[in-house]
Amino acid sequence: MSQAIQNSGLNLAPDDVRTLEQLRGRLMRLSRVIEELQSAMIHSGEHPPPWPNMHRSISLINAQLKNLHDFFKDKNEDDLSRSQILSALRTYPVAPFPAEEQRFVLETILRKKPSPDEEKWVEERLRAASEFCRVPEEWLLMLGKTEVIKENRSDYEDEFGGIKRVKVPMDEDDLTALWAEAPATAYATISAFTKALSGDYDDGDESGDEDAAALDAIRRDIGMVDELESTPASETGSGDDVKQPAPLPLGAILKFVSTGASIIPPGVHA
Amino acid sequence: MYELLLYGQVPQTRHEQVLKVLAGVAAMQPRRIVKRHIVYRPTREPEEPGSNLRRGGSQAVAVKNTARPGGSKPLYFTHLVQRLPESFERENTRSTEDDPAVAKQDAVSESQWSHEWHDLPDPVDRGVLVRQTTNSGAIEGNAHAYAIALGNKFVSEFYIEGNQYVLGNVVIFLHRILHEPGVRSLETEPKIDLPSFSALSPLDPSGAYILEAKIRVQDLNNPALLDTGIQELQGFKKHMKGCVELHVPDRLTLDTRVKYQPRGIAPPNHQVAAR
């Protein structure tokens, strides 16, 4: 009721009121999801909440943010985008507002800029982001920090074997290129791994020593190769290049221990 | 006596590491153990399964069912185990002038024998292997003659070398089986003169070791005792997780019963080698 009175005092158009109401609904939903996540994090104690729950909350928040974004971009029937409507609105206290007692609330509401803390937070994140992706100039201008970015990309150099190495922070293009290559690299690694696992090892002669060494390294890592001799380096000393057989299955050994039956080699018996 | 058992395998490359890890876990130095196992089987052939049951025509007398209650009693492989002295491994370090072979044989013949029998492990899945064993030590006398007199015949012999630890009630034995590859299949009776240690080669061509964790329980009828044992063994398994994976092997791989060989087909002769 009092709202209605205030609204009448503010001379808001019905369209403005509707926009504000819609915005309020969306913000409520967003804040509820964030609160949920916050309480989950508080109640889960020492460890973060289970990953599936976190993931669910994050995607919900994402969806809500996307929703807000779309809302701002949407145009109403007068071809005015909502952000235009909203930025045209001005907050001002009407007569019944107890300005004396609620001074702090009033200041918060009327404040046009983020508070210094928030401004700093935004600036830090923008600075961090500008190190690896493109930030629109006007954002930086908005912050009044034009001198931020353009860092020297070669502040670390080093001569190594005649090749000049330069440490360069990756920019957005580099990252995109890297991610574009990633599936192929991952696939190559996985196929090498499965090849090493399945043990078809000798049929890749044309792939060369490097490949074989890589396969060996993989096998050693996963403990498939048990013999010292499998390392090419140590093989040179031993002289015999007889491939070490795989360990006998435990069952076969236990069987031998129990019965003394010759299980290996299979052709011993008459 | 009953044994609770878990087994794991350790590749040869990791043997040293596991040896050290176990020394740390058990807080003791490894105890070197070299044993000689001689496997015997009964001279008598096992009865055909179900032969004590009536079959064929209805003329069979009903009494026959109960005539021989022990008819299907299984026959088991048994072992003679000889604990070999440490000198068995160190033959090369002795001086030759003192007739090392004689001294060594003296030490070997003095070492004790024991006659061991293991039952087929319990079919109940308790998370560990449970089997009954008997172990009777012999202080003197000809152990081989004793085993033969019991109605056994020689099958083969092999050697076990390894290190033993004791952690609480768990006996940890990291070992591998050695044998004389060519000679073993030719033997018809146990060797009088032991081969040199260096002539033995691992049964497993890759040289991998076996980790056996064992708890001995005297009485299986006391469930609380059994549970305590199982829990301790499972605790050890959990403790070793990531170092050595211990698991319960298929109980039939530890089957010590003599298998029935149908007549008409000659039982495989272990003493004849196809070279």
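Residues numbered from 1 in each chain as written. Chains lettered and ligands numbered in written order. Predicted model: local features only at pLDDT ≥ 70, side-chain atom pairs only at ≥ 80, totals over all residues. Heavy atoms only, no water.

Trainee: A description of the overall build of chain B should follow, citing residues and the corresponding values.
Mentor: For chain B, the helix and strand inventory stands at 6 helices and 9 strands. A buried classification covers 44% of the 275 residues belonging to chain B. Across chain B, every contact between residues at least 6 apart in sequence was considered, and the portion connecting residues at least 24 apart equals 80%. Surface accessibility of chain B: about 14,600 Å² in total, with carbon and sulfur atoms responsible for 52%. (Helix = DSSP H or I, 4+ residues; strand = E, 2+ residues; numbered from the N terminus. Buried < 20%, exposed > 50% of the residue type's maximum accessible area, 1.4 Å probe, protein only. Contact = heavy atoms within 4.5 Å. Areas by Shrake-Rupley, 256 points an atom, 1.4 Å probe, with all protein chains shown as cover.)

Trainee: Quick rundown of a nonpolar patch on the surface? Include the residues and the values.
Mentor: The grouping of A:Phe104, A:Val105, A:Ile109 and A:Leu110 at the surface amounts to a nonpolar patch, some 380 Å² of accessible area in total. For A:Phe104, a relative accessible area of 66% gives the class exposed. (Patch = residues over 30% accessible without salt bridge, like charges linked within 9 Å, V, L, I, M, F, W, Y side chains within 5 Å. Salt bridge = Lys/Arg side-chain N within 4 Å of Asp/Glu carboxyl O.)

Trainee: Provide a residue-level description of the confidence of the model for chain A, including the pertinent values.
Mentor: Note: predicted coordinates in regions of low pLDDT should not be interpreted at a detailed level. Residue and element names in this part refer to chain A. Of all residues in chain A, 61% attain a pLDDT of 70 or more, and the chain-wide mean is 71. At the level of individual helices and strands, chain A shows its lowest average pLDDT in helix α10 (residues 232–238), which scores 38, and its highest in helix α3 (residues 51–73), which scores 89. Here residues 146–156 scores under 50 on pLDDT; set against residues more than four positions off or in separate chains, the count is 18 contacts. A low-confidence stretch, residues 264–270 (pLDDT under 50), is modelled with 15 contacts involving residues beyond four sequence positions or located in other chains. (pLDDT = per-residue confidence, 0-100.)

Trainee: Quick one: what's the story with the pattern of salt bridges, residue by residue and with numbers?
Mentor: All names here are of chain B. Counted according to the given criterion, the structure contains 12 salt bridges over all chains. The salt bridge involving Arg36 is made with Glu157; its shortest N-O contact spans 2.7 Å. Here Arg36 is found in strand β2 (residues 31–42), whereas its partner Glu157 is found in strand β6 (residues 152–167), with 121 residues between them in sequence. With respect to class, Arg36 is no different from Glu157; both count as buried. Among the ionic pairs, Arg126 bridges to Asp122, the shortest N-O distance being 2.7 Å. A residue is classified by how much of its surface remains accessible, and Asp122, at 24% relative accessible area, is partly exposed. Put simply, Glu3, Arg131 and Lys214 are held in one network by salt bridges that share partners.

Trainee: Explain helix α2 (residues 14–43) of chain A residue by residue, including any values.
Mentor: Residue and element names in this part refer to chain A. Helix length check: α2 (30 residues) gives 43 Å between terminal C-alpha atoms against 44 Å at 1.5 Å per residue, within 8%. Along α2, the residues classified as buried are Asp15, Asp16, Thr19, Leu23, Leu30, Val33 and Leu37. Against α3 and α4 (82–88) lie the buried residues of α2. Looking one or two residues beyond α2, the residue adopting positive phi is Gly45, at roughly 75 degrees. (Expected span 1.5 Å × (residues − 1).)

Trainee: Residues and numbers for the environment of B:Ile172, please.
Mentor: Residue placement: B:Ile172 occurs in strand β7 (residues 170–179). Sequence separation between B:Ile172 and B:Phe236 is 64 residues; the distance between their C-alpha atoms is 9.8 Å.

Trainee: Could you give an account of the packing of α2(A) against α3(A), naming the residues involved and the relevant values?
Mentor: All names here are of chain A. Contact pair α2 / α3: the axes reach a minimum separation of 9 Å and the direction vectors enclose 165 degrees. As judged from the angle between their axes, α2 and α3 are roughly antiparallel. Of the two possible hands of crossing, α2 and α3 adopt the one that is left-handed. Counting all contacts with α2, which are made through Thr19, Gln22, Leu23, Arg26, Leu27, Arg29, Leu30, Val33, Ile34 and Leu37, the residues of α3 involved are Met54, Ser57, Leu60, Ile61, Gln64, Leu65, Asn67, Leu68, Phe71 and Phe72. (Axes fitted to C-alpha atoms, helices over the stretch in contact; angles between N-to-C directions. Parallel < 35°, antiparallel > 145°, perpendicular 65-115°, else oblique. Left-handed = near helix turned anticlockwise from the far one by under 90°.)

Trainee: Outline the packing of aromatic side chains, listing residues and values.
Mentor: Geometry of an aromatic ring pair is reported as the spacing of the ring centres plus the angle between the planes. In this structure the tally under the stated criterion is 4 aromatic pairs over all chains. Relative to A:Phe72, the ring of A:Phe71 lies with its centre 5.8 Å away and its plane at 55 degrees, an arrangement referred to as tilted. Judged by its relative accessible area of 2%, A:Phe71 is buried. With a relative accessible area of 32%, A:Phe72 lands in the partly exposed category. Look at B:Tyr40 and B:Phe154: their rings are 6.4 Å apart centre to centre, the planes differ by 80 degrees, and that puts the pair in the edge-to-face class. One end of the pair, B:Tyr40, is in strand β2; the other, B:Phe154, is in strand β6, and 114 residues separate them in sequence. Take B:Tyr40: its relative accessible area is 0%, and that puts it in the buried class. For B:Phe154, a relative accessible area of 5% translates into the label buried. (Phe/Tyr/Trp six-rings, centres within 6.5 Å; stacked < 30°, edge-to-face > 60°.)

Trainee: Could you give an account of the pairing of strand β5 (residues 129–138) of chain B, naming the residues involved and the relevant values?
Mentor: Residue and element names in this part refer to chain B. Taken together, the 4 bridges between strand β1 (residues 2–10) and β5 define a ladder with antiparallel strand orientation. Within the sheet, the bridge partner assigned to Leu5 lies in β5 and is Leu129. Here 6 bridges tie strand β4 (residues 113–118) to β5, and the two strands are oriented antiparallel to one another. Across the sheet, residue Trp117 finds its bridge partner in β5, namely Thr134. (Pairing = 2+ DSSP bridges.)

Trainee: An account of the nonpolar core is needed here, citing residue identities and associated values.
Mentor: Ranked by internal contacts, the top residues of the largest apolar core, which has 28 residues, are B:Leu4, B:Leu22, B:Leu174, B:Leu211, B:Leu233, B:Phe236 and B:Val244. Discounting residues that sit within four places of it in the chain, B:Leu233 has contacts with B:Leu4, B:Leu5, B:Leu6, B:Val128, B:Val170, B:Ala213, B:Lys214 and B:Ile215. (Core = buried A, V, L, I, M, F, W, Y, C linked by side-chain atoms within 4.5 Å.)

Trainee: Before we move on, could you go through the environment of B:Glu47 and cite the residues and values that matter?
Mentor: Secondary-structure assignment places B:Glu47 in the loop between β2 and α2 (64–67). Separated by 214 residues in sequence, B:Glu47 and B:Gln261 place their C-alpha atoms 8.8 Å apart.

Trainee: Which residues make up unusual backbone geometry, and what values go with them?
Mentor: All names here are of chain B. The phi dihedral of Ala27 falls on the positive side, at around 55 degrees, and the residue is not glycine. The topology assignment puts Ala27 in the loop between α1 (15–26) and β2. In this structure Ala27 comes out as exposed when scored by relative accessible area, which is 67%.

Trainee: Outline the pairing of strand β3 (residues 78–84) of chain B, supporting the account with residue identities and numerical values.
Mentor: All names here are of chain B. Most of β3 sits inside the fold, with 6 of its 7 residues counted as buried. Pairing analysis gives 7 bridges linking β2 to β3, with the strands arranged antiparallel. Across the sheet, His37 pairs through a bridge with Val81, a residue of β3. Sheet topology note: the β3/β4 ladder contains 4 bridges and is antiparallel. Residue His79 lies in a different strand from β4, and its bridge partner there is Glu116.

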